[in-house]
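Listed here are the chains, written in short residue letters.
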Amino acid sequence: MNYPAWDVPHIGSGWVIGSIAIFHVMISHFAVGGGLYLPMAESRALKKGRKDWLEFLPNHAKFFLILTGVYGAVSGVGIWFAIGLASPEGTSTLIHNFVFGWAIEWVFFIIELSTAAVYYYTWNRIPERLHLKVGWLYAGASFFTLFIINGILTFMLTPGAAWLEVAGSGQEASRFFQAFFNPTYWPSLFLRTLVCVSLAGLWALVTASRLDGNKQGALKTEVIRWSFGWLLPAFFLMPICFLWYLYQVPESQSQLLGLGISTIGSGTFTQVTRTALITVMTSATILCIAYFVAYRNPREFGFGYAVCLLVLGLAATGSTEKAREMLRKPYVVGEHMYSNGIRKTPVGEPHISEVEKFNSEGYLTQSLWATEEERVAWAEFDHAWNGGVQLASETLGPQVAPETLRRGELMFQGQCLACHTRDAYRSMKNFLRDRDLTSIRNMLGMLHDYKEDSPYRAFMPPLVGTETEREALALYLNEMAHGGEQAQPAEPVHQVARTNN
Amino acid sequence: MDLIPSPDSLGLPAPVWLLLLLHDVTQTIHFLFMNFVLGGSWFLLWLHFGRKVDWKEQLYQRCLSVLPVALSMAITFGIGPLLFVQVLYGQFFYTANIIMGHFWLGLLLILVIAFYLIYVLKAKSGSDDRFSSPILRLTLHLAIALSFTFIALLHTANAVLVLTPEIWEEAYTGSLWGTLLSRSEFLIPRYLHNVVGAIGIGGLWIVWIGNYRGSLNASDQARSGAVMSLVATFIQMILGFWYLAALPTDLVKSLMRFDSTLGWHFASSILVAMPFTVCLFALTVIPCHRLLRWITSGLGALLVFAMVVFSEKLREVLLENYFTLAEWKVDTQWGPILIFLGLFVFGLVVLAWIAWALWKGFGQPGDPSEEISS
């Protein structure tokens with residue numbers, strides 16, 4: 001544990017990232033799809049000599065420009081800030097491996113933004129052919145931002161054998177392209193492109209809904225029907241791409257999903273399955289509304305419905321991203337680094353993984369965020385423990401020493417906070433409400449042993465640290481869950497009372 | 001106890017000089033845009049009081065149209081240095097971020113709000129309602145300018161934390177701002193140096209805007225920017241001394257003896273600053289002189305670059321006892337680097353082509369700036 005912990009009360013750092021990410025994904029995917037929509041619509045209008053189409057498009061383009069130039073850029077930076085705060089180790093791995101990937105994406109983003117601005121500002125001011133060229137350039141640039149970021153996102157789920165082979169050896173840089181075009185790269189690219197296209201149709205429906213159905217009835221009908229067409233490819237091709245994607249996901253991960261599907265009858269859905277189902281259902285609803293309300297009665301299709309579709313789109317996007325995140329658990333970089341920044345693969349010399357290292361040397365000996373006093377108290381605790389004497393409860397006060405609790409808290413912050421909060425999202429208090437100290441110890445024991453058949457393996461990293469550190473965590477969790485209550489543990493509590501030293 | 005996380009075991013994907021160069025160049029571009037955002041938002045507050053005068057009203061409208069574009073560019077070009085600083089100094093940077101915690105993320109929230117307020121202000125600033133609800137507009141202006149000024153403080157605080165691992169523990173466990181104020185000698189002078197510097201370069205943007213096609217009293221417009229720049233530059237010199245005085249004594253001494261590269265970097269910034277100041281002075285006299293404008297702006301950009309390079313060097317020296325960039329293991333990814341550089345050139349070509357397209361478009365009758373602002 002190198003970095004201090006970023007402790008976000010109640011919602012947890014995961015949700016902070018998630019809530020920024022949902023908007024960012026929605027906006028950026030729309031930018032990609034919209035980048036394609038605009039020049040296609042424009043060239044269609046030009047070919048068919050439809051001047052009235054050209055009146056509706058600039059508005060759409062302006063909306064775009066603000067959305068990407070302002071919210072797309074800020075939310076993108078927002079994700080950067082948030083992941084740096086929440087998982088510095090993981091972010092550091094990604095940036096050191098892929099900084100030039102991001103730099104390339106950044107060049108495309110600058111081209112995207114400038115062409116979007118020019119595309120909007122030069123409407124009717126430069127020759128049509130030239131204007132259309134700017135539009136295609138915009139479409140190309142925005143697609144390539146997706147092309148690049150997709151490599152990095154999929155890398156996190158499936159770094160691929162070539163990269164994993166050298167992970168931790170310091171040779172990672174040499175496998176840039178293998179890591180980039182990793183096993184899930186292509187299916188994910190297709191999936192995302194489909195999502196982009198359908199989001200573009202969705203947003204076009206929003207703009208079209210504001211056309212006046214009485215005055216511009218014919219135009220509105222046409223635009224809506226044409227935009228509706230953009231929703232279709234996704235609905236037919238997505239399932240195929242999705243299966244392809246899953247096929248590439250390592251078995252241990254896809255089990256998270258399979259477990260849910262095969263047990264639908266008995267009611268134990270995994271969270272991944274649940275969230276994936278939300279995606280399927282919202283998508284189906286979107287298609288129904290879009291068909292029955294928009295396609296069948298385009299003139300009456302109002303702004304309210306359009307926003308409704310958009311919200312459903314947001315839900316679908318959000319749950320898909322969520323499912324993807326869940327699928328990656330317990331890793332931040334598949335098979336290499338756990339969500340809490342602990343590396344599974346051996347790093348440096350001696351050639352042992354951080355898990356083994358922390359187990360033997362202690363997790364908090366690496367923590368730089370404890371005071372000298374605390375360290376002294378911990379050493380005393382260890383000493384009393386190592387003496388092999390089961391400290392009889394009567395020699396101890398009823399209170400656990402604050403230094404010990406602090407030790408447990410540091411363990412908690414370093415190893416659990418990445419996915420849990422104390423009292424709200426995936427609340428520790430809730431999980432532990434019905435567990436006494438003994439049962440907490442057992443649970444932590446299972447998490448530490450991390451046996452092949454442990455149910456926790458699917459979504460939690462192993463608990464690391466020495467015996468006494470784990471004991472401190474147990475005491476801390478017990479205090480958190482039952483603090484203030486008169487919870488009398490069944491076994492003698494190993495404590496170092498202040499009177500003891 | 002030594003609080004610094006170990007450098008990432010992956011090492012660097014490119015030689016240090018290349019990463020530093022990329023960092024410094026992108027940081028400079030980011031600053032050039034940011035300077036107008038920060039300086040311009042205060043300038044707008046001042047202009048706002050003079051909107052009854054026609055040329056001020058025109059300048060006001062034009063600056064207000066440029067502001068969101070510059071902000072968008074400032075953010076976009078900020079991504080560059082954000083990437084490269086993480087590669088070079090990740091172990092310091094992330095720690096500083098985490099110590100700032102909610103403030104660091106809050107920075108973006110303030111940014112979004114300020115962005116939004118600019119659009120509100122634009123919507124409320126049509127020439128017809130130029131006399132309406134002055135209190136509201138004043139509040140909006142203040143809120144926008146203060147937001148950017150506060151964002152600058154957060155950035156400076158983060159940069160200062162990166163440089164001072166010795167105060168990390170106290171700042172993390174105790175009061176962040178209390179620690180920064182009491183334990184860091186150079187937080188305040190560095191901050192003021194950044195803000196006043198931004199106003200100095202921001203003024204140059206106004207010289208350009210004032211000289212734009214169709215300006216009423218172009219020389220008045222441009223002069224107001226030049227004067228702002230000049231005044232800020234003078235104040236900047238005093239702040240510069242304060243900043244120097246706040247740095248560790250040994251460091252300043254070696255700076256003055258020129259026995260380190262840091263000294264030469266310092267000298268070169270001063271060398272650029274002098275002709276820059278002279279040109280600025282001339283610009284307040286002949287604000288519409290085309291060549292002078294180009295020269296002054298060129299020097300201004302060069303000065304920002306020199307300051308960025310100096311700042312980076314300073315970071316290396318201040319962190320010397322903890323970590324040096326030479327400690328990084330380097331394993332260069334030439335393939336991706338070449339693709340990046342190739343695309344970068346391609347991007348520049350595209351931007352040039354776009355500029356050409358724009359010029360063609362706006363070469364037609366009608367004043368585009370009025371269109372853009374609508």
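As the structure is a prediction and not an experimental result, all values here were calculated from the model.

Draft legend 1. Quick peek at the packing of helix 1 (residues 16-48) of chain B against helix 2 (residues 54-100) of chain B. Residues and elements named next belong to chain B. Running from amino to carboxyl end, helix 1 crosses helix 2 at an angle of 155°, the nearest separation of the two axes being 7 Å. As summarised for this structure, helix 1 and helix 2 are arranged roughly antiparallel, according to the angle between their axes. Considering the relative orientation of helix 1 and helix 2, their crossing is left-handed. Here the contact of helix 1 with helix 2 is built from residues that sort into 29 nonpolar, 7 polar and 1 charged.

Draft legend 2. Here's a closer look at the interface of chain B and chain A. Taken together, the 77 residues of chain B in the interface contact 69 residues of chain A. Summing both partners gives a buried area of about 6500 Å² for chain B against chain A, and 76% of it is carried by carbon and sulfur. A per-residue breakdown of the area chain B buries against chain A is headed by Leu10, Tyr94 and Ile98 of chain B, which together make up 10% of the total. Viewed at the interface, chain A and chain B are joined by 0 salt bridges. On inspection of chain B and its partner chain A, the count reaches 9 residue pairs in polar contact (both at pLDDT 80 or more). Secondary-structure elements contributing two or more residues to the side of chain B that touches chain A are helix 1, helix 2, helix 3 (102-123), helix 5 (168-173), helix 12 (334-362) and helix 13 (368-373) of chain B. Here the residues of the side of chain B that touches chain A sort into 50 nonpolar, 20 polar and 7 charged.

Draft legend 3. Broad picture of the nonpolar core. Among the nonpolar cores identified, the biggest contains 198 residues, and Tyr37, Phe81 and Phe100 of chain A together with Phe148 and Leu161 of chain B are the most heavily contacted of them. Looking at this core, the element that brings in the most residues is helix 2 of chain B, giving 26 residues. Those residues within four positions of Phe81 of chain A in sequence are excluded, and the remaining contacts are Leu82, Trp104, Leu105, Leu107 and Leu108 of chain B. In terms of nonpolar packing, the next biggest core, distinct from the first, is built from 37 residues, Ile342, Phe381, Met443 and Ala474 of chain A among them.

Draft legend 4. Local environment of a nonpolar patch on the surface. Nonpolar side chains collect at one region of the surface, where Phe177, Phe181, Trp186, Phe190, Trp244 and Tyr247 of chain A together with Ile339 of chain B lie side by side and expose about 740 Å² of accessible area between them. Those elements that provide at least two residues to the nonpolar patch are helix 7 (185-209) and helix 9 (232-248) of chain A. Secondary-structure assignment places Trp244 of chain A in helix 9. On the accessibility criterion, Trp244 of chain A (33% relative accessible area) is partly exposed.

Draft legend 5. Summary view of the domain arrangement of chain A. All names here are of chain A. As far as domains go, chain A holds domain 1 (12-338) and domain 2 (354-486). Computed from C-alpha coordinates alone, the two centres of domain 1 and domain 2 are separated by 41 Å. At the interface, 10 residues of domain 1 touch 14 residues of domain 2. Interface of domain 1 and domain 2: buried area, both sides summed, is about 880 Å²; carbon and sulfur atoms make up 62% of it. Among the residues domain 1 hides against domain 2, the three largest losses belong to Lys329, Pro330 and Tyr338. Together they make up 49% of the total. The interface formed by domain 1 and domain 2 includes 0 salt bridges. Our count for the domain 1 to domain 2 interface comes out at 1 residue pair in polar contact (both at pLDDT 80 or more). Those elements giving two or more residues to the side of domain 1 that touches domain 2 turn out to be helix 1 (12-47) and helix 12 (303-328).

Draft legend 6. Representation of unusual backbone geometry within the structure. Here the residue pair Lys329 of chain A and Pro330 of chain A is connected by a cis peptide bond, since its omega of 0° sits within 30 degrees of zero. The topology assignment puts Pro330 of chain A in the loop between helix 12 and strand 1 (331-333). Look at Tyr450 of chain A: it is not a glycine, yet its phi comes out positive at around 55°. Counting through the fold element by element, Tyr450 of chain A comes out in the loop between helix 17 (437-449) and helix 18 (467-482). Its identity is not glycine, yet Asn217 of chain B carries a phi of approximately 40°, on the positive side. Mapped onto the elements, Asn217 of chain B comes out in the loop between helix 7 (187-210) and helix 8 (218-246).

Draft legend 7. Local environment of the confidence of the model for chain A. All names here are of chain A. Averaged over every residue, the pLDDT of chain A is 82; the share at 70 or more is 89%. Looking across chain A, the model is least confident in helix 10 (residues 251-262), with a mean pLDDT of 56, and most confident in helix 6 (residues 176-180), with 92. For residues 260-268, every residue scores under 50 in pLDDT, and the model assigns this stretch 8 contacts once sequence neighbours within four places are set aside. Across residues 486-501, confidence stays below pLDDT 50; counting only partners more than four residues off in sequence or on other chains, it has 39 contacts.

Draft legend 8. Looking closely at the packing of aromatic side chains. Scanning the model with the defined rule gives 61 aromatic pairs over all chains in all. Ring geometry for Tyr185 of chain A and Trp186 of chain A: centres 4.8 Å apart, planes at 85°, overall edge-to-face. Measuring from centroid to centroid gives 6.1 Å for Phe115 of chain B and Tyr119 of chain B, while their planes differ by 10°, and the two rings are stacked. Here the residue Phe115 of chain B and the residue Tyr119 of chain B both occupy positions in helix 3, the gap between them amounting to 4 residues, near one helical turn.

Draft legend 9. Local environment of empty space enclosed by the protein. Applying the stated criterion to the full structure yields 1 cavity of 30 Å³ or more. Taken as a whole, the largest cavity holds about 30 Å³ of empty space. Contributions of two or more residues to the lining of the largest cavity are made by helix 2 (51-86) of chain A together with helix 2 of chain B. With 5 residues, the single largest contributor to the lining of the largest cavity is helix 2 of chain B. Each residue belonging to the lining of the largest cavity can be placed in one class, and the counts come to 6 nonpolar, 3 polar and no charged.

Draft legend 10. A look at helix 6 (residues 176-183) of chain B. All names here are of chain B. Of all the residues in helix 6, the buried ones are Leu176, Thr179 and Leu180. One side of helix 6 holds all its buried residues, which, seen down the axis, span an arc of 95°. Facing away from the buried side of helix 6 by over 90 degrees, the exposed positions are Leu181 and Ser182. On its buried side, helix 6 packs onto helix 2, helix 3, helix 4 (134-163), helix 5 and helix 7. N-capping of helix 6 is provided by Ser175, with a side-chain oxygen placed 2.8 Å from the backbone N of Gly178.

Draft legend 11. Focus on the environment of Pro13 of chain B. Here Pro13 of chain B is to be found in the segment before helix 1. On the accessibility criterion, Pro13 of chain B (0% relative accessible area) is buried. A sequence separation of 298 residues divides Pro13 of chain B from Ser311 of chain B, and the C-alpha atoms of the two residues are 23 Å apart. Excluding residues that lie within four positions of it along the chain, Pro13 of chain B makes contacts with His96, Val99 and Phe100 of chain A together with Val87, Asp331, Thr332, Gln333 and Ile337 of chain B.

Conventions and cut-offs
Along each chain, residue indices are assigned from 1 in the same order as the chain's sequence is written. Think of it this way: whatever chain is written first is A, whatever ligand is written first is 1, and the rest follow in order. The predicted origin of the model limits local features to residues at a pLDDT of at least 70 and limits the giving and counting of side-chain atom pairs to 80 or more, whereas totals for whole chains, interfaces and linings rest on all residues. Only hydrogens and water are set aside; all other atoms, that is, all heavy atoms of the structure, feed into the side-chain values. Axes, fitted as lines to C-alpha atoms, cover a helix only where it is in contact. Angles between the N-to-C directions of the axes lie from 0 to 180 degrees. Numbering goes from the N terminus for both helices and strands, where a helix is a DSSP run of H or I of at least four residues and a strand is a run of E of at least two. Orientation labels follow simple angle bins: below 35 degrees gives roughly parallel, above 145 gives roughly antiparallel, 65 to 115 gives roughly perpendicular, and whatever is left gives oblique. By convention, the crossing between two helices is left-handed when the near helix turns anticlockwise from the far helix through less than a right angle, and right-handed when the turn is clockwise. Residue polarity follows a fixed list, in which Ala, Val, Leu, Ile, Met, Phe, Trp, Tyr, Cys and Pro are nonpolar, Asp, Glu, Lys and Arg are charged, and the others, Gly among them, are polar. Whether two residues are in contact is decided by their heavy atoms: any pair within 4.5 Å suffices. Accessible area, probed at 1.4 Å, shrinks when two parts are joined; the buried area is that loss added up over both. Salt bridge, as used here, is a side-chain nitrogen of Lys or Arg placed within 4 Å of a carboxyl oxygen of Asp or Glu. Here a polar contact is recorded for every N or O atom pair within 3.5 Å, except that within protein the pair must consist of a potential hydrogen donor and a potential acceptor, and residues adjacent in sequence are included only if both atoms are side-chain atoms. Nine residue types can take part in a nonpolar core, namely buried Ala, Val, Leu, Ile, Met, Phe, Trp, Tyr and Cys, and a core is a set of them joined through side-chain atoms within 4.5 Å. Between buried and exposed lies partly exposed: a residue is buried under 20% and exposed over 50% of the maximum accessible area for its type, with that area taken using a 1.4 Å probe on protein chains only. Nonpolar side chains (Val, Leu, Ile, Met, Phe, Trp, Tyr) within 5 Å and like charges within 9 Å form the patches, drawn only from residues with over 30% relative accessible area and no salt bridge. Computed with a 1.4 Å probe, the accessible areas rest on the Shrake-Rupley method; for each residue, only the protein chains presented here act as cover. Domain ranges listed in this record stem from an automatic or a database domain assignment. As a per-residue measure, pLDDT tells how confident the predictor is, with possible values from 0 to 100. Each Phe, Tyr or Trp ring (for Trp, its six-membered ring) is paired with any other whose centre lies within 6.5 Å, and the angle between the two planes then decides the class: stacked below 30 degrees, edge-to-face above 60, tilted in between. Cavities and pockets were defined on a 1 Å grid built from protein atoms only: a cavity is a group of points that admits a 1.4 Å probe but offers it no way out, a pocket is an open group of points flanked by protein on both sides within 12 Å along at least five of seven lines, and a lining residue is one with an atom within 4 Å of any such point. Grid points are joined across faces, edges and corners, and a volume is the space filled by probe spheres set on the points. An arc is given here, and it is the one of the directions from the helix axis to the C-beta atoms.

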